[in-house]
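Descriptive analysis of the structure
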Protein chains: 2
Amino acid sequence: MEVILIGAGNVACSLGPALKEAGHRIAAVSSRTGLSARELAGKLDSVAVEGIRPLVPFSNGSGQPSVCITMLADDVLKATAGEIVETLGPDTLYLHTAGSVAMDVWRDAGACRYGVFYPMTSFSRNCPVSMRHVPLFVEADSDGSLAAVLELARSISDSVKELDSQGRLFLHLAAVFANNFPCRMMAISQLLLERHGIGFEVMLPLVKGAVDKLEHMTPLESQTGPAARGDIQVLEHHMEMLAGDPEWQTLYKLISKDINPNILTDD
Amino acid sequence: MEVILIGAGNVACSLGPALKEAGHRIAAVSSRTGLSARELAGKLDSVAVEGIRPLVPFSNGSGQPSVCITMLADDVLKATAGEIVETLGPDTLYLHTAGSVAMDVWRDAGACRYGVFYPMTSFSRNCPVSMRHVPLFVEADSDGSLAAVLELARSISDSVKELDSQGRLFLHLAAVFANNFPCRMMAISQLLLERHGIGFEVMLPLVKGAVDKLEHMTPLESQTGPAARGDIQVLEHHMEMLAGDPEWQTLYKLISKDINPNILTDD
């Protein structure tokens, strides 16, 4: 397929190369300033443009079906969907990768063929993710669009599932709890260790072991630690050690209570 | 060495077999009711006893040096250390595996040779952990005791470090943030997904990818998600979706603010 990429950030740096490797042609890469688009377009044998308007030559007036995938922050997507559809024409198949934006953003922007292409992983620019095992959740306005989205998705991932916008919203919320919040817990751990001259790498066997366990049991089943054991003395001591970090002390208390509601009741 | 194990729970089920494989003789295994001790002793070619008093025949009156490792909940250790030392005599080398209990618990209980043997991982009964790559943090009352503790530790782990009680307390607190709290975050994710008929396994690529990243960057560096991006619309929408779960809504807000203090300020 002929694909136009809008956005050249973390998602695009993994998705772009995967699409190219699957044999699709990346007609153009757009980013706000054009800088990151230029860097990515170089890797994809593609053309970089700055902003949306210079995409006019790639509009779908010829009748040749093409796909536009936007990989933008949610609020940027909502603010620019109208301009994108106006520029590329109503017959392009519009897809976005934002977990929390409903498919209707495209209908409201005047598109006729549209859908969602949501990769269920976390991207960062410096570590491109291999897409083959990333679950891709897709949705489309019609059976015809869906067939095209499924073909595109299956060309880069072995784990493609249909999911409507409502289900995807909960999936994204669940992903914040499964990925972003554990990352912050570990960052707090890192900051505590650094104060004592210990590097976070000492925690890696623990962290990897915990994830390995999830092959055999659910997070609920694998919960351990002082809160799960109801070990009040350790909990109270840890709270004292966090006296200088009131935000972390509050988090410690609330998460411990969420693990075991019978502990640390208020006086 | 000749080793007596007190406690036959999650830690003992990994540590006991590792000690036996390293060539140490497990003289006895004690547990409160004797039931779990019997199960573990069977695997270790050892003898099970119920409680502390029946360990009298294993006391160190003969002058033969032996090691007693307690793997007890912190409060149970504090409550029974005196009885243990009284039963096994002052010349036994007493070690405990509790991250949050200072070494002095043994001095106060009347022991002459003592130390700490803290494995930095999370244990569960159903998934015995291979000890070889588990960091072991050790401490001892004297150079003589330390030599014995180091010998024992190095016989089962390739990652043995000395650390005093104060450092170990922070290590344990940091481990709660690195391991127990991420587990709870994922359990909340699991509970949210289950309401929508989705199994947590859909999150595993995301979770594994996040841990793989920690080989190259620290948790602080690898933070992603709506809070890190400052994506207020998604944050507010997620908070609305959690309206029926006020505890999780509060956690969502506090952790997001901890990731990015500039967002979600109170009205």
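Residues numbered from 1 in each chain as written. Chains lettered and ligands numbered in written order. Predicted model: local features only at pLDDT ≥ 70, side-chain atom pairs only at ≥ 80, totals over all residues. Heavy atoms only, no water.

1. Some remarks on the overall build of chain A
Selection criterion: Put simply, DSSP H or I for four residues or longer makes a helix, DSSP E for two residues or longer makes a strand, and each gets a number counted from the N terminus. The contact rule is simple, with two residues in contact once any of their heavy atoms fall within 4.5 Å. The Shrake-Rupley method, run with a 1.4 Å probe sphere, supplies the accessible areas, and residue values consider only the shown protein chains as cover. Asp and Glu count as negative and Lys and Arg as positive, but His and the ends of the chain are not part of the count. Just so you know, the charge point we use is NZ for Lys, CZ for Arg, CG for Asp and CD for Glu.
What chain A contains, in helices and strands, is 11 helices and 8 strands. In terms of overall dimensions, chain A has C-alpha extents of about 75 × 40 × 35 Å along its principal axes. Considering only contacts within chain A whose residues lie at least 6 apart along the sequence, 53% involve residues at least 24 apart. In the form shown here, chain A has an accessible surface area of approximately 10800 Å², with 49% of it arising from carbon and sulfur atoms. Both charge centroids of chain A, one from 21 positive and one from 32 negative side chains, sit 4 Å from each other.

2. Some details on unusual backbone geometry
All names here are of chain A. Note the threshold: Only protein chains enter the calculation, and the probe is 1.4 Å; a residue is then buried if its accessible area is under 20% of its type maximum, exposed if over 50%, and partly exposed in between.
Not every positive phi belongs to a glycine, and aspartate 45 is a case in point at roughly 50°. On the secondary structure map, aspartate 45 appears in the loop between helix H2 (35–43) and strand E3 (48–50). A relative accessible area of 65% places aspartate 45 in the exposed class.

3. Focus on the relation of the copies chain B and chain A
Operational definition: Here the copies are superposed with least squares, the fitted atoms being C-alpha atoms of residues at a pLDDT of at least 70 in both.
Overlaying chain B on chain A yields an RMSD of 0.0 Å, the required transformation being a rotation through 180° with an accompanying axial translation of 0.0 Å. What we have between these two chains is a two-fold relation. Identified as the residue of chain B closest to the rotation axis by C-alpha distance is B:Pro182, at 2.0 Å. In this assembly, 100% of the residues forming the interface of chain B have copies in chain A that are likewise at the interface, indicating an isologous arrangement.

4. Let's talk about the side chain of B:Thr92
Residue and element names in this part refer to chain B. For clarity, the cut-off: Between N or O atoms, a polar contact is any pair within 3.5 Å; within protein, one atom must be a potential hydrogen donor and the other a potential acceptor, and residues adjacent in sequence are included only when both atoms are from side chains.
For threonine 92, the location among the structural elements is in the loop between helix H3 (74–88) and strand E5 (93–96). Residue classification places threonine 92 among the buried positions, given a relative accessible area of 0%. A polar side-chain atom of threonine 92 sits 3.2 Å from the main-chain carbonyl oxygen of leucine 88.

5. Thoughts on the confidence of the model for chain A
One rule of thumb: low pLDDT means the predicted coordinates there are not for detailed reading. Convention followed: Looking at any residue, its pLDDT shows the predictor's confidence there, from 0 to 100.
Considering every residue of chain A, the mean pLDDT works out to 92; 96% of them sit at 70 or more. Predicted complex metrics record ipTM = 0.73 and pTM = 0.73.

6. Observations concerning the environment of B:Met120
On the secondary structure map, B:Met120 appears in the loop between strand E6 (113–119) and strand E7 (136–140). Since its relative accessible area comes to 1%, B:Met120 is described here as buried. Between the alpha carbons of B:Met120 and B:Phe181 there is a distance of 16 Å; along the sequence they are 61 residues apart. With sequence-adjacent residues up to four places away left out, B:Met120 is seen in contact with A:Val202, A:Met203, A:Leu206, B:Val134, B:Pro135, B:Phe137, B:Leu171 and B:Ala175.

7. Here's the deal with empty space enclosed by the protein
Basically, it comes down to this: The way it works is a 1 Å grid over only the protein atoms, where trapped points that fit a 1.4 Å probe form a cavity and open points with protein on both sides within 12 Å along at least five of seven lines form a pocket, and then any residue with an atom within 4 Å of a point lines it. Grid points are joined across faces, edges and corners, and a volume is the space filled by probe spheres set on the points. Under the convention adopted here, Pro, Cys and the residues Ala, Val, Leu, Ile, Met, Phe, Trp and Tyr are nonpolar, Asp, Glu, Lys and Arg are charged, and Gly plus all remaining residues are polar.
The final tally for this structure, using the stated rule, is 2 cavities of 30 Å³ or more. Taken together, 32 residues line the largest cavity, and the ones lying closest to its centre are A:Pro182, A:Met186, B:Pro182, B:Met186 and B:Val211. Where the lining of the largest cavity is concerned, the elements lending two or more residues are helix H6 (165–195), helix H7 (204–213) and helix H8 (219–222) of chain A together with helix H6 (165–195), helix H7 (204–213) and helix H8 (219–222) of chain B. For the lining of the largest cavity, a count of residues per class yields 18 nonpolar, 12 polar and 2 charged. The calculated volume of the second largest cavity comes to roughly 30 Å³. Together, A:Val176, A:Asn180, A:Phe181, B:Gln223, B:Thr224, B:Gly225, B:Pro226, B:Ala227, B:Leu235, B:Tyr252, B:Ser256 and B:Ile259 line the second largest cavity. Every element with two or more residues in the lining of the second largest cavity is listed here: H6 of chain A together with helix H9 (226–229) and helix H11 (246–259) of chain B. When its residues are assigned to classes, the lining of the second largest cavity shows 7 nonpolar, 5 polar and no charged.

8. Some points on helix H10 (residues 232–241) of chain A
The line we're drawing: In this description, the arc belongs to the directions extending from the helix axis to the C-beta atoms.
Residues A:Val234, A:Leu235, A:His238, A:Met239 and A:Met241 constitute the buried set of H10(A). Buried residues of H10(A) fall within an arc of 160° about the axis and therefore sit on the same side. Where the residues of H10(A) are buried, they touch helix H9 (226–229) and helix H11 (246–259) of chain A together with H3 and H6 of chain B.

9. Notes on the packing of aromatic side chains
All names here are of chain A. Heads up, the condition is: Paired rings are identified among Phe, Tyr and Trp, the last through its six-membered ring, by centres lying within 6.5 Å, and are further divided according to the angle between planes into stacked (under 30 degrees), edge-to-face (over 60) and tilted (the rest).
Scanning the entire structure with this criterion turns up 8 aromatic pairs over all chains. Geometrically, the ring pair formed by phenylalanine 177 and phenylalanine 181 is edge-to-face, given 5.1 Å between the ring centres and 80° between the ring planes. Taken as a pair, phenylalanine 177 and phenylalanine 181 lie in helix H6 at a separation of 4 residues, close to a single helical turn. Phenylalanine 181 gets classed as buried once you look at its relative accessible area, which sits at 1%.

10. Looking at the sheet that holds strand E4 (residues 67–70) of chain B
Residue and element names in this part refer to chain B. Using the following cut-off: Whether two strands pair comes down to DSSP finding at least two bridges between them. The angle between two axes is taken between their N-to-C directions and runs from 0 to 180 degrees, where each axis is a line fitted to C-alpha atoms and a helix contributes only its stretch in contact.
A sheet is described by the order of its strands in space; here 8 strands give the open sequence E3-E2-E1-E4-E5-E6-E7-E8, paired in mixed fashion. Here the strands that pair on one side only, and so sit at the sheet edges, are strand E3 (48–50) and strand E8 (160–162). Looking at each pair of strands side by side, their axes are set apart by 25° on average, direction ignored. Inspection of the sheet shows E6 paired to E7 by 5 bridges, in the antiparallel sense. The residue of E7 that forms the bridge with glycine 115 is alanine 140.

11. Side note on the interface of chain B and chain A
Rules: Values labelled buried area give the accessible surface lost by two parts on being combined, using a 1.4 Å probe and summing over both. The rule for a salt bridge is simple: a side-chain nitrogen of Lys or Arg has to be within 4 Å of a carboxyl oxygen of Asp or Glu.
Contacts between chain B and chain A engage 81 residues on the former and 81 residues on the latter. When chain B packs against chain A, close to 8000 Å² is buried across both sides, 73% of that on carbon and sulfur atoms. When residues of chain B are sorted by the area they lose upon contact with chain A, B:Phe177, B:Leu206 and B:Asp258 head the list and together hold 9% of the total. Linking B:Lys208 and A:Glu215 is a salt bridge whose minimum nitrogen-to-oxygen distance equals 2.4 Å. Those elements that place two or more of their residues in the side of chain B that touches chain A are H3, H6, H7, H8, helix H10 (232–241) and H11 of chain B. For the side of chain B that touches chain A, the leading source of residues is H6(B), giving 25 residues. In the side of chain B that touches chain A, the residues fall into 49 nonpolar, 22 polar and 10 charged.

12. What about the pairing of strand E7 (residues 136–140) of chain A?
Residues and elements named next belong to chain A. Extensive coverage of E7 is indicated by the burial of 5 of its 5 residues. With burial as the criterion, each face of E7 is covered, one bearing Leu136, Val138 and Ala140 and the other bearing Phe137 and Glu139. Bridge count for E7 against strand E8 (residues 160–162) is 3 bridges, and the pairing is parallel. Counterpart to valine 138 in the pairing with E8 is glutamate 162.

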